[in-house]
Amino acid sequence: MISLNYRDASPIYAQIKSGLKKLIMTGAMKEGDKLPSVRALATELAINPNTIQKAYNELENEGYIYSVPGKGSFACGDIKADERRKDELKQRIRALLQELRFLGAKREELLALLEEGEEETK
Amino acid sequence: MIEIQDVKKRFDGFAALDGTTLTVPTGAVYGLVGPNGAGKSTLIRHITGIYRQDEGAVLVDGQPVYENPAVKERMASIPDDWYYFLQSDVRDMMRFYCGFYPRFNMERYEKFKEVFSIDEKRTIRRLSKGMQKQVAFWLAMCTMPDYLVLDEPVDGLDPVMRRQVWSLIMNDVAERGTTVLVSSHNLRELEDVCDHVGIMNKGKVLLERSLEELQGSTVKIQTVFQEGEVKLPEDLEILHRSATGRVQTLIIRGDIQSVTDRLSVYAPLLLEALPLSLEEIFIYELGGVDYEVKDIVL
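Residues numbered from 1 in each chain as written. Chains lettered and ligands numbered in written order. Predicted model: local features only at pLDDT ≥ 70, side-chain atom pairs only at ≥ 80, totals over all residues. Heavy atoms only, no water.

**Some words on the interface of chain A and chain B**
What counts here: Between two residues, a contact is recorded if the distance between any of their heavy atoms is within 4.5 Å. Buried area: the accessible surface (1.4 Å probe) lost by two parts on joining, summed over both. The working definition used for a salt bridge is a side-chain nitrogen of Lys or Arg within 4 Å of a carboxyl oxygen of Asp or Glu.
Of the residues lining the interface, 16 residues belong to chain A; the matching set on chain B comes to 17 residues. Summing both partners gives a buried area of about 1400 Å² for chain A against chain B, and 52% of it is carried by carbon and sulfur. Broken down residue by residue, the surface that chain A buries against chain B is led by A:Arg39, A:Ala46 and A:Asn48, which jointly contribute 35%. Inspection of the chain A/chain B interface yields two salt bridges.

Here it is in structure tokens:
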């Protein structure tokens, strides 16, 4: 369900977090779907359960999942998470824009890209 | 909780443990690391009650371990040289374990038969090194331990078995709150399973911390400054610095945010902060006490 990349410098809890986030955001996990228990994921990935608990706690704070005591954790489908994702994506575009500008891309080119994107998603 | 308080142990005048102090909180998975000959195995033999310390105290849940069966029956251990009777097969050893561990779980024993797929009638002596290790695991996990003390546990196991074994241990940690102390040189693997780490050197514990704290307290910075060399503030604790061309690599004590904040004042052309792996932390921390790879030309 989640695969860990051992060559990645980012810590494992962050990888678990982003893996689950991706599942929720792409809709592979729908609102109200149950997440695997900490124990199940710890056993499956052979990872310390505290690490997984930490990832779950942060996801809950960020509004991607909610937990029901005694039942487990469930995916949220709320808008707060969408807003956050928007901010994240904007941040990525900023970084890309910086690189494009460095490579000499002109303002018109960038605007054309934006229009292109709008056409495609229509 | 396992508490080691200022333990000293001498062998023929050689201080193998020289005032070792260490605490393993209940429910933690504690990774004990250190160079060869640091005293890891000696310490583990004290925790399992094989050696008696010259000075200091070795306590498990506040009770001394040495010659204390009440503590030992709640503790399973896999030493680096696991003992089995010469002519015994797995079943014989299982019966032997049953005698020492009142909580020995036969249901588990049967279940693990499939996991390890070793014929229980085979003489252990005739099994390969890795398979013997598997048998040691099989029996240790069946004792339903509250404390699991492992000395180089996955040494000699194939990649599938390593994962299998860790997965079984992690399941127990999550379900039963088992406290695990593990010594290993495979730091990559420890990073996944541990939440606490202690670094030993020359019979002492250099530092012990939660893994999170440890990884949050040192950063690797790659940076290029405009004027080449920049005089960095004195109070910035730089553990290591190296340069390739204009790119400088700095290992600095502090969390990522505060270190980048302080360095960005110098308007660097490039500033990249990376978290350190456990292996890097190990190398740099021991580099501080003169244990490092020496540049020798042959």
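**Overview of the domain arrangement of chain A**
Residues and elements named next belong to chain A. What counts here: Domains are outlined according to an automatic or database domain assignment.
You can read the domains of chain A as domain 1 (12-77) and domain 2 (80-121). Carbon and sulfur atoms make up 52% of the area that domain 1 and domain 2 hide from each other, which totals about 450 Å². On the domain 1 side of the contact with domain 2, Met 25, Glu 62 and Tyr 64 bury the most area, a combined 71% of that side's loss. Seen at the junction of domain 1 and domain 2, the total is one salt bridge.

**Side note on a nonpolar patch on the surface**
Quick note on the threshold: Nonpolar side chains (Val, Leu, Ile, Met, Phe, Trp, Tyr) within 5 Å and like charges within 9 Å form the patches, drawn only from residues with over 30% relative accessible area and no salt bridge. Residue-level accessible areas treat just the shown protein chains as cover; the underlying method is Shrake-Rupley with a 1.4 Å probe. Per the convention used, a helix needs a DSSP run of H or I reaching at least four residues, while a strand needs a run of E reaching at least two, with both numbered from the N terminus.
Taken together, B:Tyr83, B:Phe85, B:Phe96 and B:Phe100 make up a surface patch of nonpolar side chains, about 430 Å² in accessible area. Tracing the backbone through its elements, the reader meets B:Tyr83 in the loop between β6 (75-78) and α3 (90-100).

**Side note on the sheet that holds strand β7 (residues 147-151) of chain B**
Residue and element names in this part refer to chain B. Here is the rule we go by: Think of it this way: DSSP has to see at least two bridges between two strands before they count as a pair. Here an axis means a line fitted to C-alpha atoms, over the contact stretch when the element is a helix, while the angle between two N-to-C directions is reported on a 0 to 180 degree scale.
An order of β6-β7-β8-β3-β9-β10 is seen for the six strands of this open sheet, with the pairing classed as mixed. Each edge of the sheet is formed by a strand with only one pairing partner; in this case those strands are β6 and β10 (204-210). Recorded for the sheet is a direction-independent mean angle of 15° between the axes of neighbouring strands. Seen against the sheet, helix α5 (residues 129-142) touches β6 and β7 and runs at an angle of roughly 175° to β6.

**Details of the confidence of the model for chain B**
We apply this condition: Looking at any residue, its pLDDT shows the predictor's confidence there, from 0 to 100.
Within chain B, residue pLDDT values average 89, and 99% of them lie at 70 or more. In the model output, the complex is listed with pTM 0.81 alongside ipTM 0.75.

**Considering the packing of aromatic side chains**
Our working rule: A pair of Phe, Tyr and Trp rings is counted when the ring centres sit within 6.5 Å of each other, with Trp represented by its six-membered ring. The angle between the planes then sorts it: under 30 degrees is stacked, over 60 is edge-to-face, the rest tilted. Note on classification: 1.4 Å probe, protein chains only; a residue is buried when its accessible area is under 20% of the maximum for its type, exposed when over 50%, partly exposed between these limits. For a ring to carry a charge above it, either NZ of a lysine or CZ of an arginine must fall within 6 Å of the ring centroid while also lying within 35 degrees of the normal to the ring plane.
Throughout the structure, instances matching the rule amount to 12 aromatic pairs over all chains. Residues B:Phe85 and B:Phe96 carry aromatic rings whose centres are separated by 4.8 Å and whose planes lie at 80° to one another, so their mutual orientation is edge-to-face. Here B:Phe85 is found in the loop between β6 and α3, whereas its partner B:Phe96 is found in helix α3, with 11 residues between them in sequence. Centroid distance B:Tyr109 to B:Trp138: 5.1 Å. Interplanar angle 25°. Geometry classified as stacked. Of this pair, B:Tyr109 sits in helix α4 (residues 106-116) while B:Trp138 sits in helix α5, and the two are 29 residues apart along the sequence. Owing to a relative accessible area of 0%, B:Tyr109 belongs among the buried residues under this scheme. Counting every residue linked through ring pairs, the aromatic cluster contains B:Phe104, B:Tyr109, B:Phe112, B:Phe116 and B:Trp138. Seen from the ring of A:Tyr13, A:Lys54 lies directly overhead, with NZ or CZ sitting 3.6 Å from the centre.

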